[in-house]
Amino acid sequence: MSAPRLVIVLATALPMATALAQTPRQAWDRFEGQNGPSRVDWHAPTGTPKAIFGRGFRATDRAVADVVDAQAIARAFIARHTDLLGVGASDFPLRNSDRVGPLYVLVFDQRFRGLDVIGGRLDVRLRASGIVSMFGSRAAPVPADFDAVPQVEPAVAAATAARDRGLPATAGAPPRLVIWLDQSSDRRATPHLAWEVDIDRPDAREVGRSYIDARQGVVLAYRNEWHECGFGTGCADDHVHADADLAPSSDNSAPNHPTLNHPTPSHPTPSHPTLSHPTLSHPTVGPRVHVTNGPVVPGLAALTGRVQAWTNVGLRATEPLTNVPVRRLTISAGGVGSTFTDDQGNFSIPYSGTTPIELTIRFRGQRCGGVTALQGTTYVGGVLASPGQPVDVQIYTASASQFDRSQSTVYWATDNVNEYIRTFLPSLRSVIDRITAQPNRGLTCNATYSRNNMFFYAAGGGCNNTGFSTVVYHEWGHGLDDTYGSISQTDGLSEGWGDIVATYTSGQPIVGEGFGVSGSFIRTARNTRTYPAGGGVHQQGETWMGFAWDLRQDLIGRLGAAAGAAVAEQIVLGSVVADAVNQPDAVREVFLIDDDDGDLTNGTPHYDALAAAAQKRNLPYPVRASTIPGSYVSFGTGCPGTGRETSECQAINDSGTPQGLGTRSGVSYALRATAGQALLVRGFELQTSQSGGATINVQLYAESGGEPGALLSSGTMPVGPTRAWYQARLDQAVTIGAGERFYIGFSNPSTPIEASTINGGTAVPYFRDDGPGGAWNGPISGVSWGFRVLCDGPAGATPTLAIDGVPEIGVNFALTLAAAGQGSTGVLLFGASDTTFLGAPLPLSLGVLGAVGCDLLVSADIALPITPVGGSARAPIMLPPDDALVGQDFYNQFVLIDPGANPGDLVTSNGGWARIGKF
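Conventions we followed
- Residues numbered from 1 in each chain as written.
- Predicted model: local features only at pLDDT ≥ 70, side-chain atom pairs only at ≥ 80, totals over all residues.
- Heavy atoms only, no water.
- Helix = DSSP H or I, 4+ residues; strand = E, 2+ residues; numbered from the N terminus.
- Contact = heavy atoms within 4.5 Å.
- Areas by Shrake-Rupley, 256 points an atom, 1.4 Å probe, with all protein chains shown as cover.
- Expected span 1.5 Å × (residues − 1).
- Buried < 20%, exposed > 50% of the residue type's maximum accessible area, 1.4 Å probe, protein only.
- Polar contact = N/O pair within 3.5 Å; in protein donor to acceptor, adjacent residues only side chain to side chain.
- Disulfide = S-S within 2.5 Å.
- Pairing = 2+ DSSP bridges.
- Axes fitted to C-alpha atoms, helices over the stretch in contact; angles between N-to-C directions.
- Parallel < 35°, antiparallel > 145°, perpendicular 65-115°, else oblique.
- Nonpolar A, V, L, I, M, F, W, Y, C, P; charged D, E, K, R; others polar.
- pLDDT = per-residue confidence, 0-100.
- Core = buried A, V, L, I, M, F, W, Y, C linked by side-chain atoms within 4.5 Å.
- Phe/Tyr/Trp six-rings, centres within 6.5 Å; stacked < 30°, edge-to-face > 60°.

Along its length, the protein chain carries 12 helices and 49 strands. Restricting the contact set of the protein chain to residue pairs at least 6 apart, pairs at least 24 apart contribute 69%. In the form shown here, the protein chain has an accessible surface area of approximately 34900 Å², with 53% of it arising from carbon and sulfur atoms.

We now examine helix H11 (residues 583-594). A rise of 1.5 Å per residue sets the reference length of H11, with its 12 residues, at 16 Å; its end C-alpha atoms lie 17 Å apart and thus fit the reference within 8%. Along H11, the residues that are buried comprise Gln583, Pro584, Asp585, Ala586, Val587, Arg588, Glu589, Val590, Phe591, Leu592, Ile593 and Asp594. Where H11 starts, the residue carrying a side-chain oxygen 2.9 Å from the main-chain nitrogen of Asp585 turns out to be Asn582.

Within this structure, the stated rule accounts for 3 disulfides. Disulfide partner of Cys445: Cys463, at an S-S distance of 2.0 Å. In this structure, the disulfide formed by Cys445 and Cys463 twists by about 105° around the S-S bond and is classed as right-handed. A residue pair is termed long-range when its members are at least 10 positions apart, and Cys445 in the loop between strand E22 (436-444) and strand E23 (447-450) and Cys463 in the loop between strand E24 (453-458) and helix H7 (469-483) qualify at 18 residues. Taken individually, Cys445 and Cys463 each receive the classification buried, so the pair is uniform in this respect. A sulfur-sulfur separation of 2.0 Å characterises the disulfide bridge that pairs Cys639 with Cys854.

What follows concerns the sheet that holds strand E20 (residues 380-385). Pairing within the open sheet is antiparallel, and its 4 strands lie in the order E16-E15-E18-E20. Strands with a single pairing partner mark the edges of an open sheet, and in this sheet they are strand E16 (337-340) and E20. Across the sheet, the mean angle from the axis of one strand to that of its neighbour is 25°, orientation sign disregarded. Note: strand E15 (residues 329-333) against strand E18 (residues 357-365), 4 bridges, orientation antiparallel. What sits directly across from Ala333, in E18, is Leu359. Against the sheet, helix H6 (residues 402-422) engages E15 and E18, with an angle of about 70° to E18.

A few words now on the packing of H11 against helix H12 (residues 607-616). The description of two helices packed together rests on the angle between their axes and the distance between the axes. Remark: H11 packs on H12, axes separated minimally by 11 Å, with the N-to-C direction vectors making an angle of 175°. Classed by the angle they form, the pair H11 and H12 counts as roughly antiparallel. Residues Val590, Phe591 and Asp594 of H11 form the contact with H12, whose participating residues are Tyr607, Leu610 and Ala611. Tallied by class, the residues present in the contact of H11 with H12 amount to 5 nonpolar, no polar and 1 charged.

This brings us to the confidence of the model for the protein chain. For the protein chain, mean pLDDT is 86; residues scoring 70 or higher make up 89% of the total. Predicted confidence for residues 1-21 stays below pLDDT 50, and this span has 31 contacts to residues more than four positions away or in other chains. pLDDT under 50 marks residues 228-245. Its contacts with residues more than four places away, or in other chains, come to 69 contacts.

This next bit is on the packing of H6 against helix H8 (residues 493-506). Running from N to C, H6 and H8 cross one another at 85°; their axes reach a closest spacing of 11 Å. Overall, the two elements H6 and H8 adopt an arrangement that is roughly perpendicular. Along its contact with H6, which presents Asn416, Val417 and Tyr420, the element H8 presents Val501, Tyr504 and Thr505. Here the contact of H6 with H8 is built from residues that sort into 4 nonpolar, 2 polar and no charged.

Formed by 105 residues in total, the largest nonpolar core has its most connected members in Ile421, Trp476, Phe547 and Leu551. Once residues lying within four places of it in the same chain are set aside, the contact partners of Ile421 are Leu428, Trp476, Leu480 and Leu573. Ala27, Val124, Leu879 and Trp913 belong to the second largest nonpolar core, which has 69 residues in total.

Here we take up the pairing of strand E29 (residues 667-674). Burial within E29 is extensive, with 7 of its 8 residues counted as buried. Alignment of E29 against strand E34 (residues 741-747), held across 7 bridges, turns out to be antiparallel. From the neighbouring strand, Arg672 faces E34, where its bridge partner is Tyr743.

This next bit is on the environment of Val811. Along the chain, Val811 turns up in the loop between strand E39 (800-804) and strand E40 (812-818). On the basis of relative accessible area, Val811 is assigned to the partly exposed category, the value being 30%. Taking the C-alpha atoms as reference points, Val811 and Pro881, separated by 70 residues in sequence, lie 8.2 Å from one another. Setting aside residues up to four positions removed in sequence, Val811 forms contacts with Val806, Ile877, Met878 and Leu879.

Before going further, it helps to spend a moment on the packing of aromatic side chains. Two numbers describe a pair of aromatic rings. These are the distance of the centres and the angle of the planes. Per the stated rule, a full pass over the model turns up 26 aromatic pairs. Residues Phe77 and Phe135 carry aromatic rings whose centres are separated by 4.9 Å and whose planes lie at 90° to one another, so their mutual orientation is edge-to-face. Taken together, the residues span a long stretch of sequence, with Phe77 in helix H3 (residues 67-79) and Phe135 in strand E6 (residues 131-137) at a distance of 58 residues. Overall, Phe77 belongs to the buried group, its relative accessible area being 3%. Residue Phe135 is classed as buried on the basis of its relative accessible area of 1%. Here Tyr891 and Trp913 contribute two aromatic rings whose centre-to-centre distance is 6.3 Å and whose plane-to-plane angle is 15°, an arrangement assigned as stacked. Within this pair, whereas Tyr891 is found in strand E48 (residues 889-897), its partner Trp913 is found in strand E49 (residues 906-915), the two being separated by 22 residues in sequence. Overall, Trp913 belongs to the buried group, its relative accessible area being 10%.

Mapped onto the fold, Asn902 is located in the loop between E48 and E49. The class of Asn902 is buried, set by a relative accessible area of 13%. A sequence separation of 262 residues divides Asn902 from Pro640, and the C-alpha atoms of the two residues are 8.9 Å apart. Setting aside chain neighbours within four positions, we find Asn902 in contact with Gly850, Ala851, Cys854 and Val907. A polar contact of 2.9 Å, which involves the side chain of Asn902, links it to the backbone nitrogen of Asp905. There is a polar contact of 2.6 Å between the side chain of Asn902 and the backbone oxygen of Leu906.

Next comes the structure, spelled out in structure tokens:
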């Protein structure tokens, strides 16, 4: 079957398909036709657009009156785009509705027939001017006929969940019936009817929710809500499972420098005027609990007084204590009433009687649900007060023990961070005011958060007591994140939130200074992490923490200390109400709050600072229209043919530790290998990196005279900014006989790549200058490089479509095919749609042609003939420099005639979706 005939056969087969209801992809085509090119971020598990933004979308012709008005406007806007958002038969109750500056942030949770759909949501960002600057959906595709009748008894589900967590089955809250879908999947996911089983065993450090399939009884997922230690000297006996915690840093980018032992003030240097503490200058008085009755004030019908406590208001764990007013503390008078202390620690309770009344004082108040010591004695003060006789209540002394000082310090820090956040989030949810703290836990070197409870550990194991300023701010930051949604540790996001709250509140970049008795700290915002950081959630969260700190410092440099910090606080900390689920989404929310017209394509008022902070951390961000990056995303799956995947067939020095040495620009390198057996070489891998990311040219040489000789094949290798194994693919496979020497090589770009050198092994590298007459030198003695040779694997591989380069106007790039069958031919399809072709819906099964399991994924509008060589093909493309193309989409797929692959002799690759950009 010839390639042109293949296109005709496909077109003939299409009318046999039946039309389907409009999908979000189909609705997107219509939306863009009505509104012009917009930017969209698709959510793979649900097939819905999780974020649509661009030039703004008019929702109403009038200004938005208030939050209630914003809710009504947002619902009307959603109703106009139900197909695009995949609303289906679900309803969407409101979860978050907050105004941050000029932006209304609205989040709607998904519910189906009264059942919560875990992770399903709609988002609307509505400006006060009536323009929607972003909207999107993570709504699970729950069909109208979804069977919501469980086949598994709730008691069985509870027992299964307990067994999965290694716990004995115990009575607890009854399981709740929900709908669960894997919102973290990289492909379309299926909704499941599930039992949500509450796991509440803090004694075993297991607090969370298990999801058990309500029809089959299998475990679907576990969501952790006990944020426990991941590493650290004091955690050796802990059950290491959870995510959000504090533990000393082992990161070289945040070393425990001796220079950190510089003198510091006795209280944090605040970044906001409301954080100043003029009351710190009050004279210190009294022993641990001391009551002084003042002079009688005739006719005063009130119980009055003042409360102070010796407290660590500094940055270090062991800072000398300062006697400060205890603010917003609850003062209770039995049978009379209660009140809160003011900023000076003063209180007054109306009282018409004359007899003394017992006042009860605990560390609980307007912004703290209570402090309970897990070791030592929980502070409770009983004070006898008479009307007209003010009492001065003194809590603790300057030499208070760790079990006492931790209580006053944790209360102070909890109150302090809450009041700070309220300066730019005045409608802060009241649930955070009920957060509780439990210091002096009988473990060491950690602090944890779970379900509006904070836990701080006692001194020991090389660590100080962890109940102090920035550690409290960090754990409270988890609570802030939790208040606006369920904590997400994708990319370590919630760890980053905790660190941002700590550094912004204290106005300095260190979290947990003096955490260790040696003076060590936990983390610093002055780290060098770039996204994605890899490693554990603490390390991952450092990119979000670093972005926020870099932005704050940049804005201070541009606007001045007070104004710069205020802008950063508003747009960064204010964005927590959006409940982003990963770092790129969180960055976009910051841009949305900073924006002043609903149009992200023209930048924002502080765009340069935002872009610089994002670029430094390699975080994706909404790029201004003057430079719109092109993108290419793979989607769908192909079907197996007679081709072969590449696999490692020989390794040279690949098990050593990379030394991080550089190479030189303008120089080509070649690495020698000897074939242990006959090889069909298709490429190789190097463990390397390049600061900005690049695609470099690679070569395969024969040997001649003991050095690289004839060029046998060439290709390319994409290299990213993070050290990893990167794969080079040759345009043509080369047969190397057993015992023959050959050389893999590359030409260095102007910014050279890292050498794949290790600390031992065989010296194999050769080099030459790229200029005229450059001769090979080598092998370089004493230097060992590591690499892996890639050859053909077993037959039955699925053809793979990929891109080499970026689809931008005026720029060369190429679409590549790999793992095609020997002797196969076919076409590279270019289509304007991945939803319909000739009136039929896509994907379209090719089973009617005998190609069972193979689908047409894109419209066959243009078919470029392709003849793979050695299982590979390359189609070079250059888009004309026409601005009208920017923002437009096209779709690709390879369809091949592969004799013997299946009865129809047809196979397909995955699909590719291009968004044309301009650099």
